[in-house]
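Working through the structure, step by step
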Amino acid sequence: MCHSRTADLPAVTSAGDILVAAVGRAGLITAEHVKPGAVVVDVGTNPTDDGGLVGDVDPAVAERAGALTPVPGGVGPVTTALLLWHTVQAVRE
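Rules used in this analysis
- Residues numbered from 1 in each chain as written.
- Predicted model: local features only at pLDDT ≥ 70, side-chain atom pairs only at ≥ 80, totals over all residues.
- Heavy atoms only, no water.
- Helix = DSSP H or I, 4+ residues; strand = E, 2+ residues; numbered from the N terminus.
- Buried < 20%, exposed > 50% of the residue type's maximum accessible area, 1.4 Å probe, protein only.
- Contact = heavy atoms within 4.5 Å.
- Areas by Shrake-Rupley, 256 points an atom, 1.4 Å probe, with all protein chains shown as cover.

Describing the overall build of the chain
- Per the secondary structure count, the chain includes 2 helices and 5 strands.
- Tracing the chain from N to C terminus, the helices and strands come up as α-β-β-β-β-β-α.
- If you line up the chain on its principal axes, its C-alpha atoms span 50 × 35 × 25 Å.
- Residues classed as buried in the chain amount to 24% of the 93 residues present.
- A sequence separation of at least 24 residues applies to 43% of the contacts in the chain between residues at least 6 apart.
- Within the structure as shown, the chain displays about 6100 Å² of accessible surface, and the carbon and sulfur contribution to it stands at 60%.

Some remarks on the environment of Gly37
- Inspection of the secondary structure puts Gly37 in the loop between β1 (18–21) and β2 (39–42).
- Residue classification places Gly37 among the partly exposed residues on the basis of a relative accessible area of 48%.
- When the C-alpha positions of Gly37 and Trp85 are compared, they lie 32 Å apart, and in sequence the two are 48 residues distant.
- Gly37 has contacts with Arg64, Ala65 and Gly66, leaving out every residue within four places of it along the chain.

So, in structure tokens, the structure goes:
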């Protein structure tokens, strides 16, 4: 587990087969942070000046990673679906 001020962040993150980025800083994770073929899950949502959203992972990482979740449209819909599922389950109990 790391944070944005971890010493030599690329050395730590590039050792993992799975990298989950939830930092809150647009484009912080670049290709040098990712092990070739790793799965990268971008949880970050950062607003842009034009009203859009970008993640914590630079889109160029897709060329190095084995898989990269998109922002927007990646983990957000899964989170929403699970929250609704848990809400329905709670009502049924």
